[in-house]
Amino acid sequence: MKSLTQKLSDIVGSAFKAAGLDESYGAVRVADRPDLAQFQCNGAMSAAKAAKKNPREVASTVVEQLSKNDIFSKIEIAGPGFINLNITDDYLNAHLADVAKDSRRGAQDAGQGQLAVLDYGGANIAKAMHVAHLRAAVIGDSIRRIMGFSGYKTLGDVHMGDWGTHMGMLIDDYISHNETALVNDTDLSSQKSIDALMDDMAMRYPRASAAAKENPERMARALATTVKLQNKEEPYFALWTKIREVSVLGMKSNYGLLGVYFDLWKGEADVHDYIAPMVEELQSKHIAVESDGAWIIPVARNDDKKEFPPLILYKRDGAVMYGTTDMATIVERVKLYNPDKIVYIVDQRQSLHFEQLFRAARMGGLVRDDVELTHAGFGTMNGTDGKPFKTRAGGVMRLDDLISMAIEKAKARMDEANIAKDMDAAELQSVAHKVAIAAIKFADLQNTRHADYVFDIDRLTSFEGKTGPYLLYQAVRIKSLLKKAGYQEDAFALSLQDVDRPLALLLTEFPEAVDAALKNYAPHYLCDYAYRLAQGFSSFYGNCHILSEENAALRQSRLELCAQTYKNLEAALGVLGIEIPERM
Ligand code: ARG
C-alpha cells in the first residue's frame, strides 16, 4: 500500500500537473513545524523557477486545485510559496484503518522478491569472538530483517575467516610443539572439551602469531603450512577440519546469545575449489596478469584520486589471499543463488579492499552488470576513553563476557527500577537477557553507520533517554495497559481530539523510516522512529484519560491508538533485532 505522504504527493502532484507543471513538484512531506501544519509541499518554488513564474502565484494556482478536494481541512500558502496542509480526521482514520490490516504496517514491498546475499559475520575461526565482530553482526542482522520486512528474499552468510595465514600459524604451533592431540582428542559432544580447546586456541594463536613475527624461520614455516593446508594436505587439513568444527560450535553459541541469525554457515575455505578455474579464466581474459611471480589484477584507473593497489590472486608462494577468496565467493554466490544484491556489512577500515574487490569482480565479469555490490561499512566501537574498546585490563573483550556484563547490569537496573520484585530466577534471567541485548543493539544501531561510537555500559542500560531498555519499558507498558483495559479489536473508528492527533499522525510515519533505513542500509532511521513513537506515546498517555475515560467511543479509540502504537513499535524493534519481553 501507499504511505500517507505518497498518497498526498499523488494528489498535490496532480494539482501541479493540472497547472501545466511537472507532477514531481508535488512531493509532500511531514511539516518541519508541526505547530503550523501537518504536512508541507515546497515544490512551488522550484517549479516557478523552472517555468520562470512567480512562486506565490504558482502556489495559489495549485492551492486552488487542491481546495476542490475535501480531504484537506486546511490549505495555506506561507512565506515565498510553501504550501501547508492539514488533512481531515476522516481521511486520517481511513488511512490508519488500511494500515491496521496491512502486514507491512504501510511500508512498501520494495524488494518484490529480489534476492539479497548479506555478509555480516566475518568472525575468524580459532580466535575468541570479540567486540570487533559485534557491530557486523548487530547491524547486518538488522539489515537482513529490514530487507526481509520490505519484500526481499535474504540469505545471511557468516563467511568465517578460516583460510588465511592465521590458520597456518596456529596449526604449525600445534605440530611443532607436538601437541596435535589437544585438537584430535577434542570431544565434540562435550561442552567442557570444546571450551578447553577454544581456550587453548585463544591463548595459543596470539603467542604463535607474535613468535612468527619475531622469528623469520617460524614465519616461513607458518606460510609453508598455510600453502599445504590450502592444498588440503594431511595432517594439516584434518587438524584444520577439527578446529573449524569446534570453532563453529563456539560461534553459534555467541551469535545465538545475541539473537543474530545466519542462513549460511560458510567460510573462506568453502570456495577453494572455485579459485583455480576462476583464476584460469581471468588469465585467459588477460585480466589477471603476472607480476614478479605473483598473479594480480591491476584495478587502478587513470582518474583515481588515491592509490589503488592491485588485487592479489596468488602470492609468489602460491598462497591465496583475502581478495582471492572474496572473488571466488562472488563466483559461488552467483552460481548457487544468483542474487540481485550482495551487501557486505564490514568495518569501514576495509573500504579499500572492497573497492578493489568490486572493481576486479566487474572487470572479470563475475556478476551481471545490474547486480548491486555494496560495502556497508561501519565505524569503530570505542570505550569511554574514546579509544577502541578494551577490557579494564587493556585486553580485547570477549563477546560472551561483554554479554554477561550487560546482563548483570540489566539485572541491577531492573532492581533499582523496582521491576524485578515478583519474578522468579528463570524469568528474571530471561527478561534481563532481553533488556541487555536491547541495550547493546540499540546503542549500536542508533548511530549513523559510519560513525564511531562510545560503548558506555551505564548509559546504554539506563531506563531513561534514547536507550533500548527505555523502548522495551514503553512497549511493555502499552501491552499491560491494553490487557488491563480488556481491549478487544472492533470496527476501526478513531475519534480524534487534539491530544490524540499527534500520535495518530506519528503512526503514519513508519513507512518513511523503513524506506530510509532500507535505501541507506541504515537502521538508525528506525531507531529514531521508535524513540519518537515511544515519546509520542508517553505524552499522549500523560495528557489524556484512557482507562478512566467515560465516553465509550473515545475510550475505544484511544485503546485502538495504543494498540496501533504497540504494533508499530513491535515492528520497528523487530527489524532492529530487539525482542519485547512479556512483562517487566
Ligand atoms: N574475517 C574478516 C575479518 O575479520 C571479515 C570478513 C568480512 N567479509 C568478507 N566477505 N570479506 O576482518
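These notes cover the structure that comes with them.

**Concerning the sheet that holds strand β11 (residues 372-375)**
Now for step 1: Overall, parallel pairing links the four strands, which are arranged β6-β5-β10-β11 in an open sheet. If you trace the sheet from one side to the other, it starts and ends with β6 (153-157) and β11, each paired once. Across this sheet, the average inter-strand angle for adjacent strands is 15 degrees, counted without regard to direction.
Now for step 2: In this sheet, strand β10 (residues 341-344) lies alongside strand β5 (residues 115-119) in parallel orientation, the contact comprising four bridges. Bridged to Ala116 within β10 is Lys341.
Now for step 3: Each of β5, β6 and β10 is contacted by helix α12 (residues 322-336), which is oriented at about 145 degrees to β10, the strand it contacts most.

**What about the pattern of salt bridges?**
When the charged atoms of two side chains lie near each other, side chains of opposite charge can form a pair.
Now for step 1: Scanning the entire structure with this criterion turns up 44 salt bridges.
Now for step 2: Where Arg144 meets Asp141, a salt bridge forms, and the shortest distance between an N and an O atom there is 2.8 Å. Taken together, the positions of Arg144 and Asp141, both in helix α5 (residues 132-149) and three residues apart, correspond to about one turn of that helix.
Now for step 3: In this structure Arg144 comes out as buried when scored by relative accessible area, which is 12%.
Now for step 4: A salt bridge links Lys434 to Glu579; the shortest N-O distance between them is 3.7 Å. Of this pair, Lys434 sits in helix α15 (residues 425-445) while Glu579 sits in the segment after α21 (552-575), and the two are 145 residues apart along the sequence.
Now for step 5: Residue Lys434 is classed as partly exposed on the basis of its relative accessible area, which comes to 23%.
Now for step 6: For Glu579, a relative accessible area of 52% puts it in the exposed group.
Now for step 7: Bridged by salt links that share partners, the residues Asp173, Glu179, Asp200, Arg204, Arg207 and Arg218 form one connected network.

**Examining unusual backbone geometry**
Now for step 1: The step from Glu234 to Pro235 runs through a cis peptide bond, and the omega angle for that step is 5 degrees.
Now for step 2: Even without glycine at this site, Gln112 takes up a positive phi of about 50 degrees.
Now for step 3: Turning to its location among the elements, Gln112 is positioned in the loop between α4 (89-101) and β5.
Now for step 4: Overall, Gln112 belongs to the exposed group, its relative accessible area being 63%.
Now for step 5: Positive phi, close to 35 degrees, is recorded for His159, a residue that is not glycine.
Now for step 6: Topologically, His159 is positioned in the loop between β6 and α6 (165-176).

**Some words on the side chain of Gln474**
Now for step 1: Residue placement: Gln474 occurs in helix α17 (residues 468-485).
Now for step 2: Judged by its relative accessible area of 4%, Gln474 is buried.

**Focus: the pairing of strand β8 (residues 294-297)**
Now for step 1: One ladder, built from three bridges, connects strand β7 (residues 289-291) with β8; its direction is antiparallel. Directly across from Ser291, in β8, lies its bridge partner Ala294.
Now for step 2: Between β7 and β8, which pair antiparallel and follow one another directly, the connecting turn spans two residues, one of which, Asp292, has a positive phi of 60 degrees.
Now for step 3: As paired strands, β8 and strand β9 (residues 311-314) are joined by three bridges and run antiparallel to one another. Bridge assignment links Ile296 to a residue of β9, and that residue is Ile312.

Analysis parameters
Residues numbered from 1 in each chain as written. Predicted model: local features only at pLDDT ≥ 70, side-chain atom pairs only at ≥ 80, totals over all residues. Heavy atoms only, no water. Pairing = 2+ DSSP bridges. Helix = DSSP H or I, 4+ residues; strand = E, 2+ residues; numbered from the N terminus. Axes fitted to C-alpha atoms, helices over the stretch in contact; angles between N-to-C directions. Contact = heavy atoms within 4.5 Å. Salt bridge = Lys/Arg side-chain N within 4 Å of Asp/Glu carboxyl O. Buried < 20%, exposed > 50% of the residue type's maximum accessible area, 1.4 Å probe, protein only.

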